[in-house]
Amino acid sequence: MKLSIVIPVYNEEATLEKLVERVQAAPYQKELILVDDCSRDRSGAIMDELARRHANLRCLHHERNAGKGAALATGFAHVTGDVVLIQDADLEYDPADYPALLRPIEDGVADVVFGSRFLGGRYVRVHMFWHYVGNRLLTLISNCFTNLNLTDMETCYKVFRREFAQRLDIRSKSFAVEPEITAKVAKLRARVYEVPISYAGRDYSEGKKIGPKDALIALFAIVRWGLFP
């Protein structure tokens, strides 16, 4: 099984190299597809240097900042693996969880796997309360529209059999991509599993980018993709 790991990148010069080292340590045949969403720091240059050092790493660059959804759409268009996994470029999510994420697909029981920060992974940072409340509320509302019983719709870790990843036709440009993907997975009648993962969340001083405005955008996206596929 070949694993395609799509990594959207925006202003992650502080963590990018360390993250790639952790991903490369995962024991799978894999390709890394990094998409620089017009970063204002040295992320793009770091990506190009990493590509010179790793034959299985491919760099794609946006000329304009378009958002996480646009970066994922670009990456998904270039995957060649049997399974596609989304990985953020910071260090909040641990590639050591790949075996748990991939097992339902390897066992032939799942088409899509969500990694949940709320099911009790090996470790979870005690973190911002209102972000927790927002995540749980958005997941609940999303479940009302999709009829899935997820605990963590907003998770970064989403894994797909390639044929399902390429049927998503991602349209959202921003963080609204998370409810869009979830709604489309539900409409594809994919076999969805959820597994516990570790989470080392950042705060704003450490570079966290999601804020209250993104919660409102996500709420609109839940309704939009739930009612108007």
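Computed from a predicted model, the values in this text were never measured in an experiment. (Residues numbered from 1 in each chain as written. Predicted model: local features only at pLDDT ≥ 70, side-chain atom pairs only at ≥ 80, totals over all residues. Heavy atoms only, no water.)

**Q** Let's hear about empty space enclosed by the protein: which residues, and what values?
**A** The full count for this structure, using the stated rule, is one cavity of 30 Å³ or more. Put simply, the largest cavity is a space of about 30 Å³. What lines the largest cavity is Ser-142, Phe-145, Thr-146, Pro-179, Ala-183, Ala-221, Ile-222, Trp-225 and Gly-226. Counting only elements with at least two residues in the lining of the largest cavity, the list comes to helix H5 (129–146), helix H7 (177–187) and helix H8 (212–227). If you tally residues by element for the lining of the largest cavity, the top one is H8, at four residues. Residue classes in the lining of the largest cavity are distributed as six nonpolar, three polar and no charged. (1 Å grid on protein atoms, 1.4 Å probe; cavity = no way out; pocket = protein on both sides within 12 Å on 5 of 7 lines; lining within 4 Å. Points joined across faces, edges and corners; volume = space filled by probe spheres on them. Helix = DSSP H or I, 4+ residues; strand = E, 2+ residues; numbered from the N terminus. Nonpolar A, V, L, I, M, F, W, Y, C, P; charged D, E, K, R; others polar.)

**Q** Summarise the sheet that holds strand E5 (residues 112–116); cite the residues concerned and give the values.
**A** What the seven strands build is an open sheet, ordered E3-E2-E1-E4-E6-E5-E7; its pairing is mixed. Every interior strand has two partners, whereas the edge strands, strand E3 (57–61) and strand E7 (192–196), have only one. Adjacent strand axes in the sheet meet at a mean angle of 20°, parallel and antiparallel pairs treated alike. Each of strand E1 (2–9), strand E2 (29–36), E3, strand E4 (83–86) and strand E6 (158–161) is contacted by helix H3 (residues 68–76), which is oriented at about 150° to E1, the strand it contacts most. (Pairing = 2+ DSSP bridges. Axes fitted to C-alpha atoms, helices over the stretch in contact; angles between N-to-C directions. Contact = heavy atoms within 4.5 Å.)

**Q** I'd like a description of the nonpolar core, backed by residues and values.
**A** If you look at the biggest cluster of nonpolar residues, it comprises 59 residues, and the most contacted ones within it are Leu-16, Leu-34, Phe-76, Tyr-98, Leu-101, Phe-160 and Ile-181. In contact with Leu-16, other than residues within four places in its own chain, are Val-9, Leu-34, Ser-43, Ile-46, Met-47, Leu-50 and Ala-89. (Core = buried A, V, L, I, M, F, W, Y, C linked by side-chain atoms within 4.5 Å. Buried < 20%, exposed > 50% of the residue type's maximum accessible area, 1.4 Å probe, protein only.)

**Q** Can you break down the environment of Leu-19 residue by residue, with the values?
**A** Turning to its location among the elements, Leu-19 is positioned in helix H1 (residues 16–24). Sequence-wise, Leu-19 and Ala-89 are 70 residues apart; in three dimensions their C-alpha atoms are separated by 6.4 Å. Those residues in contact with Leu-19, other than ones at most four positions away along the chain, are Ile-7, Gln-87, Asp-88, Ala-89, Asp-90, Leu-91 and Pro-95.

**Q** Requested: an account of the pattern of salt bridges, with residues and values cited.
**A** Any two side chains of opposite charge can pair, so long as their charged atoms come close to each other. Under the criterion given, the structure shown has 15 salt bridges. Measuring nitrogen to oxygen at the nearest pair gives 2.8 Å for the salt bridge that ties Arg-171 to Asp-169. Among the ionic pairs, Lys-184 bridges to Glu-180, the shortest N-O distance being 2.7 Å. A residue pair is termed a helical-turn pair when its members lie 3 or 4 positions apart in one helix, as Lys-184 and Glu-180 do in helix H7 at four residues. Considered together, Lys-184 and Glu-180 belong to a single accessibility category, that of buried residues. Residues joined in a network through salt bridges with shared partners are Lys-68, Asp-88, Lys-158 and Glu-178. (Salt bridge = Lys/Arg side-chain N within 4 Å of Asp/Glu carboxyl O.)

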